[in-house]
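Spelled out from the first residue to the last, the chains are:
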Number of protein chains: 2
Amino acid sequence: MTISNLETQCRDMAERAKRAASQLALASTAKKNAWLRAAADLLEKQAETIVAANANDIANAPGYGLNAAAIDRLTLTPTRIRAAAEGMRQVAALTDPIGEVREGGVRPNGLQVLKIGVPLGVIFFLYESRPNVTVDAAGLCVKSGNAVILRGGKESLHSNEAIHAILAGELANHGLPTDAVQLVATTDRDAVGHFLKMNDRIDLVIPRGGESLIRRVSAEATMPVLKHYLGNCHVYVDKAADLDMAARIVINAKCQRPGVCNAAESLLVHADVAPIFVPRIVALLRENHVEVRGCEATRKLVPDVSLAAEADHAAEFLDLVISMKIVADFDEAIEHIRRYGSQHTDAIITSNIQTARRFTLAVDSAAVVVNASTRFNDGFELGLGAEIGISTDKFHARGPCGLREMTSYKYIITGEGQIRG
Amino acid sequence: MTISNLETQCRDMAERAKRAASQLALASTAKKNAWLRAAADLLEKQAETIVAANANDIANAPGYGLNAAAIDRLTLTPTRIRAAAEGMRQVAALTDPIGEVREGGVRPNGLQVLKIGVPLGVIFFLYESRPNVTVDAAGLCVKSGNAVILRGGKESLHSNEAIHAILAGELANHGLPTDAVQLVATTDRDAVGHFLKMNDRIDLVIPRGGESLIRRVSAEATMPVLKHYLGNCHVYVDKAADLDMAARIVINAKCQRPGVCNAAESLLVHADVAPIFVPRIVALLRENHVEVRGCEATRKLVPDVSLAAEADHAAEFLDLVISMKIVADFDEAIEHIRRYGSQHTDAIITSNIQTARRFTLAVDSAAVVVNASTRFNDGFELGLGAEIGISTDKFHARGPCGLREMTSYKYIITGEGQIRG
């Protein structure tokens, strides 16, 4: 395929997505929900077909250099397909953000002003490896009235094609435009560059994957990007902490699912409680197979802890590793978080209400947590019902992005002939 | 000044703005309001100083090629300074969007989740000519907790410097960081390019001026841009319109202030009412010194109307000119607005509730108006209290942008030791 052919194909997909988006914007909630439920049923019914397509991807995986963990993430089983289908049913059960009256009232001159949820339009969604994301993304986009162009990893192309055929096929059965869910069938990397230029047809790009993917997309995109960067999440154990609670939370934040963005990567301990707490938490972390990399002061208390390098304090390990630092006071903790943090999720453990309040004010992160695990910064846990990612930006949406974060709004102003004086 | 010196100066300003922003984010509402009121008083008290500085700009204006209208917009009088000061007092009276609890509740596991307003950080504000915008922008930015770097037009540099000296001087008197309001003192155009590269220090750029300024900024900026593009606003007079109301609204929307973005630029008339309405509205528009450029069908009803070119239907005249088209039906009106509109403000005049509802659904504009003037799409009129512009984007903020649209939010999650299972 020549580049100019590829570009034409991409432009054509985007144009069809744009047309589909303007139809989908007017689709009733009932139709969208019926599609979500029917597509969920069909995914389960055709699980064998999907698993067979997935087997192709798995057979090719070693050729792409995938290791065992990556192959596991790529693998679809009937159980995993059922879970993805169940996710679609949950999205069907959520309130439709389109047409929702967000604010409203009557102005002194009698004009009624309503602020109403509307879709963004066309979303270009880029993701790596896990094919069940295809289901999640399509469900969230269609429910929020947005057409989506899906571009998965080359490793999961056959799985994605099988899933996409089911999802798109069901759209027409429910009076929805088939082009509302399109899959980029080529694995040509140039296609991404073409889409990122089309800000006349694509309203938002969501890259979900490693830092290099997100950096490339941010640099090239001519339309807004919903970014989901690093999560170097801190737990700060204050001098007024309940140390039993602190230990429980640190272990949960670090170990319950170490490979995700809201897992703790850095532990800060107030010097006053360090002599008691540090030996205890190091032992507990080690029981949980966590490697601790500590500051000099940590090593004075537990000599066999390895010395944390500067880079360790800034790292998102996504693994059973944690950096640790003993801080002289609250201000040093804040300063450390400002310097090394990623403005994602940071927690304090304290029983002092003033300290808690100062922490929530001073830490400029999407989620600031008091006396609970960092793992709660999550769309389901915060009540959004589902999420397409956790934004580390402040513009448009911050933190978990659910259905509402994939929308905009319009003002509807209704009068009886009012004019301005 | 060499370019590298200029770049260093710009980076230094942005760095100081970033530090000021982190202090300002924690400033109390009382302090911010005290500054707004004191600065307003001082602007009035030092009106003579400002007028004298402004006289310098006016003396230089012909050299910059400014015409009489532009010089009028540049001119500051004690009355205009009083109006700007009054604007600051009005901003002081508005609710502080920082710390505001936007949503909140308790999750089933007992976690309290609050969604709290926080500032964006550092705003780079570019604007042309009118020096009172310096006052408005500084007031809105500080009240919303954001540090601002102001870059006005070269034509108003002396006026802006005089105003800035007063505003920044008062910051320190109220315990606020002086660097929260900075003015770019050089007229070197390269400075803009340097600032637009600093997405590590500047969180948002707001260009306010002509289309070419906005296009340049959008193309060069590495941070989000709050855009305020064209307003090609339509009034569609439906077959079920109250024609007296329609005439009143068309005249108001076109003539009350023709130079602004929410003024009507295009008139669509349903064919069924055209024979009665078109001759009448053309006569009324002409009484109000408006030039009408119509379609062939219009010219059959009023032969001496000039023929509208394709470009006229797409134009934002910002002047006493209107394009007119007779449409066969509702769908043709919608199609015309989709093709030529700017998604800013579009109105329908109709007494039919179904037609009104179809219009508000089908027209994808920031404000859709039923039986009222397009001129109501304005921050003050919609109850936002003040505005820094009207966004024509869907991302982050759409329509009038007041204090809240200059903010983000954070989640504060408070527990008693909750961990994830």
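Calculation rules
- Residues numbered from 1 in each chain as written.
- Chains lettered and ligands numbered in written order.
- Predicted model: local features only at pLDDT ≥ 70, side-chain atom pairs only at ≥ 80, totals over all residues.
- Helix = DSSP H or I, 4+ residues; strand = E, 2+ residues; numbered from the N terminus.
- Buried ≥ 20, exposed ≤ 12 C-beta atoms within 10 Å, placed from the backbone.
- Contact = placed C-beta atoms within 7 Å.
- Axes fitted to C-alpha atoms, helices over the stretch in contact; angles between N-to-C directions.
- Parallel < 35°, antiparallel > 145°, perpendicular 65-115°, else oblique.
- Left-handed = near helix turned anticlockwise from the far one by under 90°.
- Nonpolar A, V, L, I, M, F, W, Y, C, P; charged D, E, K, R; others polar.
- Pairing = 2+ DSSP bridges.
- Domains from an automatic or database assignment.
- Least-squares fit on C-alpha atoms with pLDDT ≥ 70 in both.
- Arc of directions from axis to C-beta.
- Right-handed = clockwise from strand over helix to strand, strands pointing away.

With that out of the way, let us pick up the overall build of chain A. Counting secondary structure elements, chain A contains 15 helices and 16 strands. In chain A, buried positions account for 53% of the 421 residues. Contacts in chain A between residues at least 24 apart in sequence constitute 72% of all its contacts with a sequence separation of at least 6.

The next point concerns the packing of helix α6 (residues 132–143) of chain B against helix α7 (residues 157–173) of chain B. Residues and elements named next belong to chain B. α7 packs onto α6 with a crossing angle of 30 degrees between their chain directions and a minimal axis gap of 9 Å. Classed by the angle they form, the pair α6 and α7 counts as roughly parallel. Judged by the sense of rotation from one axis to the other, the crossing of α6 with α7 is right-handed. Within the contact between the two elements, α6 uses Thr-134, Val-135 and Ala-138 and α7 uses Asn-160, Ile-163, His-164 and Leu-167. The residue makeup of the contact of α6 with α7, split by class, is four nonpolar, three polar and no charged.

The next point concerns the interface of chain B and chain A. At the junction of the two partners, chain B supplies 48 residues and chain A supplies 48 residues. Considering only residue class, the side of chain B that touches chain A consists of 23 nonpolar, 15 polar and ten charged. Here five bridges tie strand β16 (residues 407–418) of chain A to strand β13 (residues 367–372) of chain B, and the two strands are oriented parallel to one another. Of the residues in β13(B), the one forming a bridge with A:Ile413 is B:Val369.

By the assigned domains, chain A splits into domain 1 (3–226 + 400–413) and domain 2 (233–376). Each of domain 1 of chain A and domain 2 of chain A was reduced to a C-alpha centroid, and the two centroids are 36 Å apart.

Despite not being glycine, A:His396 shows a phi value in the positive range, around 70 degrees. Within the secondary structure, A:His396 sits in the loop between β14 (389–391) and β15 (399–401). Take A:His396: there are 22 C-beta atoms within 10 Å of it, and that puts it in the buried class. The backbone phi angle of B:Asn371 is positive, close to 55 degrees, even though this residue is not glycine. Take B:Asn371: it is sitting in strand β13.

Quick look at the relation of the copies chain B and chain A now. At an RMSD of 0.1 Å, chain B and chain A line up after a rotation of 180 degrees and a shift of 0.0 Å along the axis. On the angle and the small slide along the axis, the relation comes out as a two-fold axis. Closest approach to the rotation axis within chain B is made by the C-alpha atom of B:His396, at a distance of 1.8 Å. An overlap of 100% is found between the interface residues of chain B and their copies at the interface of chain A, pointing to a shared contact surface.

Our focus in this paragraph is the sheet that holds strand β10 (residues 306–307) of chain A. The ten strands are arranged β10(A)-β9(A)-β11(A)-β8(A)-β7(A)-β12(A)-β13(A)-β16(B)-β2(B)-β1(B) in an open sheet whose pairing can be described as mixed. Strands at the two margins of the open sheet, each flanked by one partner only, are β10 of chain A together with β1 (101–106) of chain B. Bridge count for strand β9 (residues 291–294) of chain A against strand β11 (residues 321–327) of chain A is four bridges, and the pairing is parallel. Within β11(A), the position partnered with A:Val292 by the bridge is A:Ile322. Docked against the sheet, helix α10 (residues 243–255) of chain A engages β7 (233–237), β8 (264–270), β11, β12 (345–349) and β13 (367–372) of chain A together with β16 (407–418) of chain B, running at close to 160 degrees with respect to β12(A). Most of the contacts of helix α15 (residues 353–362) of chain A go to β13(A), to which it runs at about 160 degrees, and overall it touches β12 and β13 of chain A together with β16 of chain B.

Strand pairing in a sheet relies on backbone hydrogen bonds. The paired strands run either parallel or antiparallel. Residues and elements named next belong to chain A. Spatially, β5-β4-β3-β6 is the arrangement adopted by the four strands of the open sheet, whose pairing is parallel. Strand pairing shows two members of the sheet lacking a second neighbour, β5 (181–183) and β6 (204–208), which therefore form its edges. Strand-to-strand twist across the sheet, computed as the mean angle between neighbouring axes with direction ignored, equals 20 degrees. Relative to β5, strand β4 (residues 147–151) is paired through three bridges, and the arrangement is parallel. Bridged to Val-148 within β5 is Val-181. Along the sheet, helix α6 (residues 132–143) contacts β3 (122–127), β4, β5 and β6; its crossing angle with β4, the most-contacted strand, is approximately 165 degrees.

Attention now moves to the pairing of strand β2 (residues 112–119) of chain A. Residue and element names in this part refer to chain A. When strand β1 (residues 101–106) meets β2, the two strands line up antiparallel, connected through five bridges. Its bridge partner lying in β2, Gly-104 is registered against Leu-114. Between β1 and β2, which follow one another and run antiparallel, lie five residues, and Gly-110 among them has a positive phi close to 90 degrees. Sheet analysis places β2 next to β16, joined by eight bridges and oriented antiparallel. What sits directly across from Ile-116, in β16, is Lys-410.

So, about the packing of helix α2 (residues 29–45) of chain B against helix α5 (residues 78–93) of chain B. Residues and elements named next belong to chain B. Two elements in contact, α2 and α5, have axes whose closest approach is 8 Å; the angle formed by their N-to-C orientations is 170 degrees. Considering their axes alone, α2 and α5 lie roughly antiparallel with respect to each other. Across the interface between the two elements, Asn-33, Leu-36, Arg-37, Ala-39, Ala-40, Leu-43 and Glu-44 from α2 touch Ile-81, Arg-82, Ala-84, Ala-85, Met-88, Arg-89, Val-91 and Ala-92 from α5. Looking at side-chain class alone, the contact of α2 with α5 contains ten nonpolar, one polar and four charged residues.

For helix α15 (residues 353–362) of chain B, the set of buried residues is B:Thr355, B:Ala356, B:Phe359 and B:Thr360. An end-on view of α15(B) places all buried positions within 130 degrees of arc, on one side of the element. For α15(B), the exposed residues set more than 90 degrees away from the buried face come down to B:Ile353 and B:Gln354. Close packing links the buried residues of α15(B) with β16 of chain A together with α14 (330–340), β12 (345–349) and β13 of chain B.

Further remarks concern the environment of A:Lys115. Residues and elements named next belong to chain A. Residue placement: Lys-115 occurs in strand β2. Of the residues examined, Lys-115 has 17 C-beta atoms within 10 Å and is grouped as partly exposed. Once the C-alpha coordinates of Lys-115 and Ala-83 are considered, the two residues, 32 residues apart in sequence, prove to be 35 Å apart. Contacts of Lys-115, omitting those with residues within four sequence positions, involve Arg-102, Glu-103, Gly-104, Tyr-409 and Tyr-411.

A word on the environment of B:Ser408. The topology assignment puts B:Ser408 in strand β16. Taking the C-beta count within 10 Å as the criterion, B:Ser408 has 23 such neighbours and is therefore assigned buried. A sequence separation of 289 residues divides B:Ser408 from B:Pro119, and the C-alpha atoms of the two residues are 5.8 Å apart. Those residues within four positions of B:Ser408 in sequence are excluded, and the remaining contacts are A:Lys394, A:Arg398, B:Val118 and B:Leu120.

On to the pairing of strand β8 (residues 264–270) of chain B. All names here are of chain B. In terms of residue burial, β8 counts as a mostly covered element, since seven of its seven residues are buried. As defined by bridge partners, strand β7 (residues 233–237) adjoins β8 across five bridges and the pair is classed as parallel. By the bridge assignment for β8, Tyr-236 is matched with Leu-268. Once the chain exits β7 it traverses helix α10 (residues 243–255) before rejoining the sheet at β8, and the crossover so formed is right-handed. The sheet contact formed by β8 and strand β11 (residues 321–327) spans five bridges and is parallel. Opposite Leu-268, over in β11, you have Lys-325 as the bridge partner.

All names here are of chain B. By the element assignment, Val-363 lies in the loop between α15 and β13. As for Val-363 and Arg-404, which are separated by 41 residues in sequence, their C-alpha atoms are 25 Å apart. Among all residues touching Val-363, those that are not within four sequence positions of it are Ile-334, Ile-337, Asp-346 and Val-368.

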